[in-house]
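# A structural walkthrough
As a plain string of letters, each chain reads:
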There are 2 protein chains.
Amino acid sequence: MDNRAIGIIDSGLGGLTAYRELRRLLPQENLVYFGDTGRVPYGSRSRETIQKYAMQDIRFILRHHVKLVVAACGTISSTITPQAVEAIGLPFSGIVRPTAQAACQATRSGRVGLIATAATVRSGAFGRAVEELGGPGVRLTAAACPLFVPLVENGFVQPDNPVTELVARQYLQPMVEAQVDTLILGCTHYPLLSQTIQRIMGPQVTLIDSGREVARWAQGFLAGHGLLAQREQPGTGEFFVTDSAEGFIQVAGLFLQEGVEGRVTQIDVEAL
Amino acid sequence: MDNRAIGIIDSGLGGLTAYRELRRLLPQENLVYFGDTGRVPYGSRSRETIQKYAMQDIRFILRHHVKLVVAACGTISSTITPQAVEAIGLPFSGIVRPTAQAACQATRSGRVGLIATAATVRSGAFGRAVEELGGPGVRLTAAACPLFVPLVENGFVQPDNPVTELVARQYLQPMVEAQVDTLILGCTHYPLLSQTIQRIMGPQVTLIDSGREVARWAQGFLAGHGLLAQREQPGTGEFFVTDSAEGFIQVAGLFLQEGVEGRVTQIDVEAL
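Note that the structure is a prediction, hence the values are computed from the model and not measured. (Residues numbered from 1 in each chain as written. Chains lettered and ligands numbered in written order. Predicted model: local features only at pLDDT ≥ 70, side-chain atom pairs only at ≥ 80, totals over all residues. Heavy atoms only, no water.)

A word on unusual backbone geometry. For residues other than glycine, phi is negative in most cases, and the peptide bonds are mostly trans. Residues and elements named next belong to chain A. The step from Val-40 to Pro-41 runs through a cis peptide bond, and the omega angle for that step is 0°. A positive phi angle, near 50°, is found at Gln-179, a position not held by glycine. Assessed through its relative accessible area of 55%, Gln-179 is described here as exposed. (Buried < 20%, exposed > 50% of the residue type's maximum accessible area, 1.4 Å probe, protein only.)

A separate point is the UniProt feature "binding site: substrate" (unreviewed entry) in chain A. Residue and element names in this part refer to chain A. The UniProt entry lists Asp-10, Ser-11, Tyr-42, Gly-43, Thr-188 and His-189 under the feature "binding site: substrate" (unreviewed entry), expressed in the numbering used here. Spatial clustering of the annotated residues is evident: they stretch over 180 residues in sequence, but the largest pairwise C-alpha distance comes to 12.3 Å. Within the secondary structure, Asp-10 sits in strand S1 (residues 5–10). By relative accessible area, Asp-10 is classed as buried at 1%. With residues near it in sequence (within four places) discarded, Asp-10 still touches Gly-15, Tyr-33, Phe-34, Gly-35, Asp-36, Ala-72, Cys-73, Ile-76 and Thr-188. Separated by 3.1 Å, the side chain of Asp-10 and the backbone nitrogen of Gly-14 make a polar contact. (UniProt positions renumbered as here; feature names shortened; annotations may be inferred. Helix = DSSP H or I, 4+ residues; strand = E, 2+ residues; numbered from the N terminus. Contact = heavy atoms within 4.5 Å. Polar contact = N/O pair within 3.5 Å; in protein donor to acceptor, adjacent residues only side chain to side chain.)

Residue and element names in this part refer to chain B. In this fold, Thr-75 is placed in helix H3 (residues 74–79). In this structure Thr-75 comes out as buried when scored by relative accessible area, which is 4%. What Thr-75 contacts, discounting residues up to four positions off in sequence, is Tyr-42, Gly-43, Ile-50, Thr-117, Ala-119 and Thr-120.

On inspection of all chains with the given rule, the structure shows 32 salt bridges over all chains. Among the salt bridges present, the one from Glu-132 of chain A reaches Arg-97 of chain A, with a minimum N-O distance of 3.2 Å. Taken together, the residues span a long stretch of sequence, with Glu-132 of chain A in helix H7 (residues 125–134) and Arg-97 of chain A in helix H5 (residues 96–106) at a distance of 35 residues. Relative accessible area serves as the criterion here: at 54%, Glu-132 of chain A is assigned to the exposed category. Measuring nitrogen to oxygen at the nearest pair gives 3.3 Å for the salt bridge that ties Arg-39 of chain B to Glu-270 of chain A. Of this pair, Arg-39 of chain B sits in the loop between strand S2 (31–35) and helix H2 (47–61) while Glu-270 of chain A sits in the segment after strand S10 (264–266), on two different chains. What makes Arg-39 of chain B buried here is its relative accessible area of 0%. (Salt bridge = Lys/Arg side-chain N within 4 Å of Asp/Glu carboxyl O.)

On to the sheet that holds strand S3 (residues 66–71) of chain A. Residues and elements named next belong to chain A. Spatial ordering of the open sheet is given by S4-S3-S1-S2-S9-S10, a layout of six strands whose pairing is parallel. Each having just a single partner strand, strand S4 (92–93) and S10 make up the two edges of the open sheet. Pairing geometry for S1 and S3, over five bridges, is parallel. Residue Ile-8 lies in a different strand from S3, and its bridge partner there is Val-70. Its contacts with the sheet place helix H12 (residues 245–255) against strand S2 (31–35), strand S9 (237–241) and S10, and it is angled at close to 145° to S10. (Pairing = 2+ DSSP bridges. Axes fitted to C-alpha atoms, helices over the stretch in contact; angles between N-to-C directions.)

Moving on to the interface of chain A and chain B. Taken together, the contact between chain A and chain B spans 30 residues of the former and 30 residues of the latter. Interface area for chain A against chain B, summed over the two sides, is near 2200 Å², with a carbon-plus-sulfur share of 51%. Taken together, the links from chain A to chain B amount to six salt bridges. For Asp-268 of chain A, the salt bridge goes to Lys-52 of chain B, with nearest N and O atoms at 3.3 Å. If you look at where chain A meets chain B, you find 16 residue pairs in polar contact (both at pLDDT 80 or more). Among the secondary structure elements, those contributing two or more residues to the side of chain A that touches chain B are helix H2 (47–61), helix H8 (148–153) and helix H9 (162–177) of chain A. At six residues, the largest contribution of residues to the side of chain A that touches chain B is made by H9 of chain A. Along the lines of polarity and charge, the residues of the side of chain A that touches chain B split into 13 nonpolar, eleven polar and six charged. (Buried area = accessible area lost by both parts, 1.4 Å probe. Nonpolar A, V, L, I, M, F, W, Y, C, P; charged D, E, K, R; others polar.)

Take a look at the structure:
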């Protein structure tokens, strides 16, 4: 039993898909969410800049009383170095391994697709994980979708939005051509576009939601190590952001089915 | 005569449209460009965050030997406070007044449109400038186009790009309905979409390019105050960015008709 919180870091809002799933699976856990809304998006920046920002984000979340750090962001997860993970000194998971694991289990044909940010695709991290976990029978086809995050952050998320549809058809063309039967949504923003993506890919393709998979991994990890919280009342949820709390409160409703008013604090991550 | 450089600050790449025009109009001037590519875009962030970032940007450019500071960014220009401008202690211009001035001179019907980032529209700065410079006969209709900057930064700039066309038709609808005869491109990224915008608005509408107008203003200001540089050889151009120099060098070609290799330095603006 361990009543310390689970720390979640993200480049902005996308990680709220993981937060929502953690809250659903582990209602008794305290959750501390950090979203770098003042510097989002990470996925179009260079590796060095992403690594620098990720270290600042981790340094912040470690100031809280956490037992586990989850990087609920495809870009951080695929760009962080093993040295940085070791330096955390606590259990850690990004989305890459849990998501690759789920994809390897789901595929029947061995043709797995990955859509993610430019930085995530460039890193090759998903390809290495799929190769290790799925063996030689699984092959990954990857495509960067740099406009998906701006589309989500600007509210182009209705399943019938013609702009999103047009962009998605263009980005998903290589996935359709490769005849994948499993598609990894390698960025935690993408589940908000899943209806559009599913329609274009067809009902026979399994979408793997990275936010959900990392939450399931956390549940299994904490249970397996006797680290689940035990308390009478439901766990708390706290949010820290680098841009204004007001803006975050408004958009968080897109991701969560709960209001977050009064629980959001703006902080200066650069000053730490 | 003053051989110090002109300092140009921008949230990222858009200000290069002003750089290009300054280089064309004032070939003998040294230009120092700072683009906050590690934190772009500014236009979707809160006023407080934009003001904080702008102050850091200005602090950096003042470390160079400059005689004039130009904010070649609609979002910085419309969000900066008079106190911050005073604190610079040097001649300064954003794009708002030069651009509003040009629009007021160009309009015949008095119906002027503004397209810009969400932060710029929210600030009301262009409305106040047009009212002051154009008098009661000029009325401004404004619309935010939050997806234009991501479209440009991700290379959706071909005049026949169907995604850009679809987004632009949606954003420009209020401008068409208001029957504006003059349209301010209130963000220095937007000139890269001017062919698409012109086609949708029709040939009778005058587009006002904010990068060009602030460059013209700078030329007039320096000439009027005896501050033009005089040197035998052409002026130099130096670039400072907060994300990787490589990424900037690649995309800068979209904006400039000159290579910038060997003249781009990555710096840490947060550490200043």
